[in-house]
Amino acid sequence: MSEKATQKLVETYRGAQSALPGAGGWLARRRETAIDAFTQTGLPHRRLEEWKYTDLRQVLEKAILVPAPAHDGALVLPELHSATAFSAIDRYVLVFVNGVYQPGLSQLAHLSKGAELCALAEVLHEQWAKDIVERRFDDARQAEDIVDLNTALMSDGACLRIRKGVKLDKPLHLFFLGADAGASHTRNLILLENEAEATIFETHMGEVASFADIVTDVALGEGAKLNHVKLQDESSEAIHLSTMRTRLAASSKLSSFTLTLGCGVSRGQNFVLFSGEGAEANVDGAYALKGKQHLDQFCVIDHAVPGCTSHTLFKGVLDGASEGVFQGKVVVRPQAQKTDGRQMTHALLLSRDAAMNAKPELEIYADDVQCAHGSTVGELSKDAIFYLRSRGIPEAEARRLLVLAFLDETLELAPHEDARDALKLLVSDWFSEAGL
């Protein structure tokens, strides 16, 4: 280990380990193991195939890696439409500022019977939470190279368990705000027991130079259903690293959608493992980038058992000198017959300086499967613009209509009607604010 960013992060852990939640218990041993592993591997870099387009070592070289301070005092939300995107929807709200739970800003009254929800830091010493945490640590093993950093430094997060057969009566909104410059490391743990159902909104916002490191571990029991809608609209100086790891039991269903509008550099990772037959996973998203924004979307769907279905579609528009990346892989194990796996990505370049790198892959070891993958990168059709202008529509409006129509297919996949409408409005506002 020689590069500066890794050294800074290890020093941060050594200086803060006695104050981190779970000090002195089973979690402290996990943290020590994780930081030792991270020290050996260091931050990922472009010489690693999976990180060739996003050199995290270089990205974090000049970032503020010390923990953001505990926020004390009044909270002023950024003047962004995304701050209130879901406010008209009746929901539970769990608020984190600089990665730390804020009970005074949260709304958890009258939580459904059979649903257990709390801040992770508050319950690590309680037996029921310990069972969930340790179980997820043992079950979720993908991407350990970078998750080790989160395991060592995580300070808080959401811990949700929905009991067997219980349906959460309204969405749960996890709201993460970066109010002060610095780093935050958050771990969310979500367990839906057999036949349980829930909808989760996730918002990340801020107007400061921050480094947000988020890991969300999800376990779905047999027949369980989880709808997940994520909105990421952080500062152009922010760095956002998120990893979502999901294990699906038989006949369970995950529907996850991400809209990315903000952040200077962001890397979103999705890992899905089918552990029971007849399960379904939909991992989709849209993005709109401008300036020098960089987005890397990485997705691995592992069909380890027969008869499961997966669908992945990401579409985005890029303006200015922004850069998009999609790296995806559908893995079909030898025993996973009757698999249906599809993965597509489409990008629209609005500027000659914008760039897109697409690398969808299929890795198939079974013969009775239906799988497809592909990608396209293009620009707005001049004929389509001419057609709209010939009908009296100004060029700027014609371009806006074509971009919205391009993204609409993906936005329709957001698994909540009211949230879907809110995201469409945000995309329309982004186009106007970008001055395109």
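Residues numbered from 1 in each chain as written. Predicted model: local features only at pLDDT ≥ 70, side-chain atom pairs only at ≥ 80, totals over all residues. Heavy atoms only, no water.

> Any chance you could break down the side chain of Arg-245 for me, citing the residues and the numbers?
Structurally, Arg-245 can be placed in strand S10 (residues 239-248). Overall, the relative accessible area of 1% leaves Arg-245 in the buried class. Side-chain polar atoms of Arg-245 contact the side chain of Asp-217, separated by 2.8 Å. (Helix = DSSP H or I, 4+ residues; strand = E, 2+ residues; numbered from the N terminus. Buried < 20%, exposed > 50% of the residue type's maximum accessible area, 1.4 Å probe, protein only. Polar contact = N/O pair within 3.5 Å; in protein donor to acceptor, adjacent residues only side chain to side chain.)

> With reference to specific residues and values, describe the sheet that holds strand S13 (residues 280-289).
With respect to topology, 10 strands assemble into an open sheet ordered S2-S1-S5-S7-S9-S11-S13-S15-S17-S19, the strand pairing being mixed. Pairing within the sheet leaves two strands with one partner each, and these edge strands are strand S2 (100-101) and strand S19 (370-379). Alignment of strand S9 (residues 225-233) against strand S11 (residues 253-260), held across eight bridges, turns out to be parallel. Among the inter-strand pairings, Lys-225 is bridged to a residue of S11, identified as Lys-253. In the packing of helix H8 (residues 395-411) onto the sheet, contacts are made with S11, S13, strand S15 (309-318) and strand S17 (340-349), and the angle to S15 comes to roughly 160°. In this fold helix H9 (residues 417-433) packs onto strand S7 (197-206), S9, S11, S13 and S15, with an angle of close to 20° to the strand it touches most, S9. (Pairing = 2+ DSSP bridges. Contact = heavy atoms within 4.5 Å. Axes fitted to C-alpha atoms, helices over the stretch in contact; angles between N-to-C directions.)

> Account for empty space enclosed by the protein, naming residues and giving values.
Scanning all chains against the criterion turns up four cavities of 30 Å³ or more. The computed volume of the largest cavity comes to approximately 180 Å³. Taken together, 20 residues form the lining of the largest cavity, with Lys-230, Ser-242, Thr-258, Gly-268 and Asn-270 sitting closest to its centre. Counting only elements with at least two residues in the lining of the largest cavity, the list comes to strand S8 (210-220), S9, S10, S11, strand S12 (265-274) and strand S14 (294-303). Split into classes, the residues belonging to the lining of the largest cavity amount to three nonpolar, 14 polar and three charged. Roughly 130 Å³ of volume is contained in the second largest cavity. (1 Å grid on protein atoms, 1.4 Å probe; cavity = no way out; pocket = protein on both sides within 12 Å on 5 of 7 lines; lining within 4 Å. Points joined across faces, edges and corners; volume = space filled by probe spheres on them. Nonpolar A, V, L, I, M, F, W, Y, C, P; charged D, E, K, R; others polar.)

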